[in-house]
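Given next are the chains, with one letter for each unit.
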Amino acid sequence: MAETHVLFVEDDDVIREATQLALERDGFAVTAVPDGLTGLEAFRAKQPDIALLDVMVPGLDGVSLCRRIRDVSTVPVIMLSARADSIDVVLGLEAGADDYVTKPFDGAVLVARIRAVLRRFGHASGGRAGGGQPEPAAEGGVLVFGDLEVDTEGMEVRRDGAQVGLTPTEMRLLLEFSSAPGTVLSRDKLLERVWDYGWGGDTRVVDVHVQRLRTKIGQDRIETVRGFGYKLRA
């Protein structure tokens with residue numbers, strides 16, 4: 001089996017070198033670069049399996065680099081931020097990142113988060129997220145909610161007949177909602193099922209992804225139930 005290729009963009013030499021060694025010890029192939037422009041070139045040339053992007057890097061910052069990657073690819077992206085409460089975290093998620101890790105981080109924690117993202121991306125093209133209830137039966141695997149069609153076999157979404165481009169994380173989130181339309185799903189439950197968190201996580205990840213999903217499938221399709229979570233309007 002080929003090694004998983006990680007693109008790591010980090011301008012701090014010590015962090016970059018130490019993290020690269022830690023990832024390589026865990027069996028990853030790593031391309032580590034010090035700035036965003038070099039990172040963009042490496043992404044185009046290497047076609048990595050996952051990208052780790054520090055928010056504050058010179059040349060092209062991590063958030064802008066994430067947007068550039070999202071323009072051409074759905075490859076998983078994890079942002080690295082020095083502050084858990086930073087607006088940069090939200091900006092990174094809004095730019096298309098799938099998760100984030102706060103610095104300083106433990107190497108084992110980073111590897112666990114990388115593997116969690118890769119697991120759900122592997123499932124995204126071949127079935128719904130693990131756990132939860134079975135998907136409701138639908139002819140040909142297509143679920144219909146008004147103008148929204150969710151093809152659970154072909155992993156495609158259409159709105160008013162036009163195909164909607166979703167990242168694998170957005171697709172997994174929509175599959176969770178469509179498997180139980182009208183049922184309120186808490187943020188913690190969505191973190192567990194979609195992000196594969198076996199522990200408490202930052203619910204901003206859920207909120208930002210729900211908002212991104214709304215912009216693609218319709219603002220009114222996913223309803224906020226204050227104090228509880230979200231549900232898909234049947």
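Rules of the game
- Each chain has its residues counted from 1, following the order in which its sequence is written.
- Owing to the predicted nature of the model, reporting of local features is limited to residues with pLDDT of at least 70; listing and counting of side-chain atom pairs is limited to 80 or more, with chain, interface and lining totals taken over all residues.
- Heavy atoms from the whole structure form the basis of all side-chain values; hydrogens and water molecules are not counted.
- Put simply, DSSP marks the helices as runs of H or I at least four residues long and the strands as runs of E at least two long, and each gets a number from the N terminus on.
- Here's how the labels work: a residue is buried when its accessible area is under 20% of the maximum for its type, exposed when over 50%, partly exposed in between, all with a 1.4 Å probe on protein chains only.
- Should any heavy atoms of two residues lie within 4.5 Å, those residues are counted as being in contact.
- Here, any two strands with at least 2 DSSP bridges between them count as paired.
- Simply put, an axis is a line fit to the C-alpha atoms, just over the touching stretch for a helix, and the angle between two N-to-C directions goes from 0 to 180 degrees.
- Definition of a polar contact: a pair of N or O atoms within 3.5 Å, with one able to donate and the other able to accept a hydrogen when the atoms are protein atoms, and with sequence-neighbouring residues admitted only if both atoms are side-chain atoms.
- Comment: arc refers to directions from the helix axis out to C-beta atoms.
- We define a salt bridge as a side-chain nitrogen of Lys or Arg found within 4 Å of a carboxyl oxygen belonging to Asp or Glu.
- When describing relative orientation, an angle under 35 degrees is termed roughly parallel and one over 145 degrees roughly antiparallel, while 65 to 115 degrees is termed roughly perpendicular and anything else oblique.
- In this count, Pro and Cys sit with the nonpolar residues alongside Ala, Val, Leu, Ile, Met, Phe, Trp and Tyr, while Asp, Glu, Lys and Arg are called charged and the others, Gly among them, polar.

Undergrad: What should I look at first to understand the overall build of the chain in this one?
TA: Each helix and strand in the chain was counted, giving eight helices and eleven strands. Counting every position in the chain, which comprises 234 residues, the buried fraction comes to 50%. When contacts within the chain are restricted to residue pairs at least 6 apart in sequence, those whose partners lie at least 24 apart make up 60%.

Undergrad: What am I meant to see in the sheet that holds strand S7 (residues 148-151) here?
TA: Reading across the sheet, the four strands line up as S6-S7-S8-S9 and stay open at both edges, with antiparallel pairing between neighbours. A strand with exactly one partner marks an edge of an open sheet, and here the two such strands are strand S6 (142-145) and strand S9 (162-164). The sheet shows a mean angle of 25 degrees between the axes of neighbouring strands, direction not considered. Here four bridges tie S6 to S7, and the two strands are oriented antiparallel to one another.

Undergrad: Explain the pairing of S6 to me, please; I cannot follow it from the model alone.
TA: A regular strand carries its side chains on alternate faces of the sheet. Where burial is concerned, the two faces of S6 differ: the one with Leu143 and Phe145 is buried and the one with Val142 and Val144 is not. As consecutive antiparallel partners, S6 and S7 are separated by two residues, and within that stretch Gly146 has a phi angle of approximately 65 degrees, a positive value.

Undergrad: Mind showing me how you'd approach unusual backbone geometry here?
TA: Backbone geometry follows two general trends: most residues other than glycine have a negative phi, and most peptide bonds adopt the trans configuration. Note the cis peptide between Lys103 and Pro104, where omega equals 0 degrees. The backbone phi angle of Gln47 is positive, close to 50 degrees, even though this residue is not glycine. Within the secondary structure, Gln47 sits in the loop between helix H2 (36-46) and strand S3 (50-54). When its relative accessible area of 53% is taken as the criterion, Gln47 is described as exposed.

Undergrad: Just to check I follow, could you spell out the side chain of Asp54 for this structure?
TA: Its place among the elements puts Asp54 in strand S3. In this structure the side chain of Asp54 is engaged in a polar contact, spanning 3.0 Å, whose partner is the side chain of Lys103. If we ignore the near neighbours within four places in the chain, the residues touching Asp54 are Val9, Glu10, Asp11, Gly62, Leu80 and Lys103.

Undergrad: Would you take a moment to explain helix H3 (residues 62-70) for this structure?
TA: One full turn of an α-helix is made of 3.6 residues, so residues set three or four places apart face in the same direction. Residues of H3 that are buried: Gly62, Val63, Leu65, Cys66, Ile69 and Arg70. Here the buried residues of H3 occupy an arc of 160 degrees about the axis, which is enough to place them on one side. Of the surrounding elements, those touching the buried residues of H3 are strand S1 (5-9), H2, S3, strand S4 (77-81) and helix H4 (87-94). Between the side-chain oxygen of the N-cap and the backbone nitrogen of Val63 there are 3.0 Å, and the N-cap of H3 in question is Asp61.

Undergrad: Explanation requested: the pattern of salt bridges in the structure shown.
TA: Any two side chains of opposite charge can pair, on the condition that their charged atoms come close. Using the criterion set out here, one finds 16 salt bridges in the structure. The salt bridge partner of Asp196 is Arg119, with a shortest N-O separation of 2.5 Å. Within this pair, whereas Asp196 is found in the loop between helix H7 (187-194) and helix H8 (204-217), its partner Arg119 is found in helix H5 (residues 107-124), the two being separated by 77 residues in sequence. Classification of Arg119 as partly exposed rests on a relative accessible area of 44%. Each of the salt bridges in this network shares a partner with another, and the network as a whole consists of Glu10, Asp54 and Lys103.

Undergrad: Would you explain the packing of helix H6 (residues 168-179) against H8 in this entry?
TA: The axes of two packed helices give the description: the angle between them and the distance between them. The contact between H6 and H8 brings their axes to 10 Å, and the two run at 85 degrees. Relative to H8, H6 is oriented roughly perpendicular. In this structure, H6 uses Thr169, Glu170, Leu173, Leu174 and Phe177 to contact H8, whose residues at the interface are His209, Val210, Arg212, Leu213, Lys216 and Ile217. Of the residues contributing to the contact of H6 with H8, the split by class is six nonpolar, two polar and three charged.

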